[in-house]
Amino acid sequence: MKNILESPIITEICDMTANMYRLGWDERNGGNISWLLDEQELAEYLDLSQVIRNIPIAFDAAELAGRIFLVTGTGKYFKNVTGNPQENLGIVRVASNGTELELLWGFEGGALPTSEFPTHLMNHMARLKADPEHRIVMHCHPANTIAMTFVHSIDDREFTCTLWQMITECIVVFPDGVGVVPWMVSGTNDIGEATARKIKDCRLVVWAHHGIFGTGRTLDEAFGLIETVEKAAQIYMKIAHLDIKNTIPKEQLKALAETFHAVPREGWLD
Ligand code: 13P
Ligand code: ZN
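As recorded by an unreviewed UniProt entry, the protein chain carries the name Rhamnulose-1-phosphate aldolase and is attributed to [Clostridium] hylemonae DSM 15053. As recorded by UniProt, the Subcellular location (unreviewed entry) comment attached to the protein chain reads in full: "Cytoplasm". Its UniProt record gives the protein chain the following Sequence similarities (unreviewed entry) comment, quoted word for word: "Belongs to the aldolase class II family. RhaD subfamily."

This is the structure we're talking about:
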């Protein structure tokens, strides 16, 4: 067996959590990541028949039975992941009954998956239907994105169009737009269902007054989407209170999308 601590899986998530912490997106235990792993690749590092313990989950994820996820622990700090991956991260398989997880590695000292795991699993289900190559769900608390939800309409289309107008690249990076879920109690199945309803049509969902979810085929894709939204929101927060003299008209956004072969959400630029 190869050493899992030297695997690309663990080294990449350590680099990513450290980077996100440094960006200020993951204060204290804020934020969580889950990664749908390739079973064959993982079998080079772990005996997949050895279950350390079973962890109940509060909803039925039978649709994902047998799928294996790397996931950050609840209450764990992103800044501490690199120094102690085996306590702050876990690798879990959804059991055949759909209501339990089988711990295959990590979560030492009795740790548990993120409290947002129901939302993560529901998002994985929704995104896998839209894109079989989907692998990552990433949640964090970037300040400008959160700030924008206090001062801008949280209608999906209006929020997205404003972001598209903040930086020329935005419509090319996320032509599928951003969904916004109004404030709800986090850690619940209800917010998971509300998020999954939106994320089936776009890779990004903002939680008003809380944070953002980004998804993708790779850690870099999910990260890059969030990074781009946060930069656009930062520009919005710098200018929203000023006398705006110029903008990128919607017609120009259409021309831009056409040039870069991006397909914006149907009707959102009309
Ligand atoms: P966890 O520590 O359970 O991952 O929660 C952090 C968070 O951001 C909740 O939304
Ligand atoms: Zn959060």
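Trainee: Looking at this structure, I do not really get the coordination of the zinc ion (ligand 2). What am I missing?
Mentor: Ideal coordination angles are 109.5 degrees for a metal with four donors arranged tetrahedrally and 90 or 180 degrees for a metal with six donors arranged octahedrally. With distances of 2.1 Å, the protein atoms coordinating the zinc ion (ligand 2) are His-139 (NE2), His-141 (NE2) and His-210 (NE2). If you list the donors of the zinc ion (ligand 2) from N- to C-terminus, the spacing comes out as H-x1-H-x68-H. Of this pair, His-141 sits in the loop between strand S6 (136-140) and helix H5 (143-151) while His-210 sits in the loop between strand S8 (204-207) and strand S9 (211-216); the two residues are 69 residues apart in sequence, bridging distant segments of the chain. The burial state of His-141 is the same as that of His-210; both residues are buried.

Trainee: Which parts of the structure should I look at to understand the sheet that holds strand S5 (residues 100-106)?
Mentor: Within a sheet, adjacent strands bond to each other through the backbone by hydrogen bonds, running parallel or antiparallel. Spatial strand order, S2-S5-S4-S3-S1-S6-S9-S8-S7: 9 strands in an open sheet with mixed pairing. What marks the edges here is a single partner per strand, and that holds for strand S2 (53-56) and strand S7 (178-181). Averaged over all adjacent pairs, the angle separating strand axes in this sheet is 25 degrees, with direction ignored. Where helix H9 (residues 219-239) meets the sheet, it contacts strand S1 (32-36), S6, S7, S8 and S9, and its direction lies at approximately 140 degrees from that of S9.

Trainee: How should I be thinking about the UniProt feature "binding site: Zn(2+)" (unreviewed entry) in the protein chain in this particular structure?
Mentor: Residues given the UniProt feature "binding site: Zn(2+)" (unreviewed entry) here are His-139, His-141 and His-210. Separation in sequence by 72 residues is not matched in space for these annotated residues, since their most distant C-alpha atoms are only 10.0 Å apart. Look at His-141 and you get buried, because its relative accessible area is 16%. Beyond its immediate stretch of four places on either side in the chain, His-141 contacts Gly-24, Trp-25, Glu-27, Gly-30, Gly-31, Ile-146, His-210 and Gly-211. Taking the relative accessible area as the measure of exposure, His-210 reaches 17% and is therefore buried. Sequence-distant contacts of His-210, that is, excluding residues within four places in its chain, are made with Glu-116, His-139, His-141, Ile-146 and Ser-186.

Trainee: In this structure, what is going on with unusual backbone geometry? I would like to understand it.
Mentor: Peptide bonds are trans in most cases, and residues, glycine excluded, mostly fall at negative phi. One non-glycine residue with positive phi stands out, namely His-209, at about 60 degrees. Along the polypeptide, His-209 turns up in the loop between S8 and S9. Residue classification places His-209 among the partly exposed positions, given a relative accessible area of 34%.

Trainee: So what exactly am I meant to see when it comes to the pairing of S6 here?
Mentor: A regular strand places its side chains so that they alternate between the two faces of the sheet. Within S6, 5 of the 5 residues are buried, which leaves it mostly tucked inside the rest of the structure. Neither face of S6 is open: one carries Ile-136, Met-138 and Cys-140, the other Val-137 and His-139, and all of them are buried. Pairing geometry for S1 and S6, over 4 bridges, is antiparallel. Looking at S6, one finds that Asn-32 is bridged to His-139. Across 5 bridges, S6 lies against S9 in antiparallel orientation. Across the sheet, Val-137 pairs through a bridge with Thr-215, a residue of S9.

Calculation rules
Residue numbers run consecutively from 1 along every chain, following the written order of its sequence. Chain letters and ligand numbers both follow the written order, the letters beginning at A and the numbers at 1. Only residues with pLDDT of at least 70 get local features here, since the model is predicted, and only at 80 or more are side-chain atom pairs given and counted; chain-wide, interface and lining totals rely on the full set of residues. To obtain the side-chain values, all non-hydrogen atoms of the structure were included, while hydrogens and water were left out. UniProt positions are given in the numbering used here, feature names are shortened, and annotations may be inferred rather than shown by experiment. Sites may look incomplete because water is not among the atoms; the donors themselves are N, O and S atoms within 2.8 Å of the metal, or within 3.2 Å for Na, K and Ca. A run of H or I in DSSP becomes a helix once it reaches four residues, and a run of E becomes a strand once it reaches two; helices and strands are each numbered from the N terminus. Partly exposed residues are those whose accessible area sits between 20% and 50% of the maximum for their type, while under 20% is buried and over 50% is exposed, using a 1.4 Å probe and protein chains only. Between any two strands, pairing holds if DSSP finds at least two bridges. Throughout, an axis means a line fitted to C-alpha atoms (over the contacting stretch in the case of helices), and angles, computed between N-to-C directions, take values from 0 to 180 degrees. Should any heavy atoms of two residues lie within 4.5 Å, those residues are counted as being in contact.

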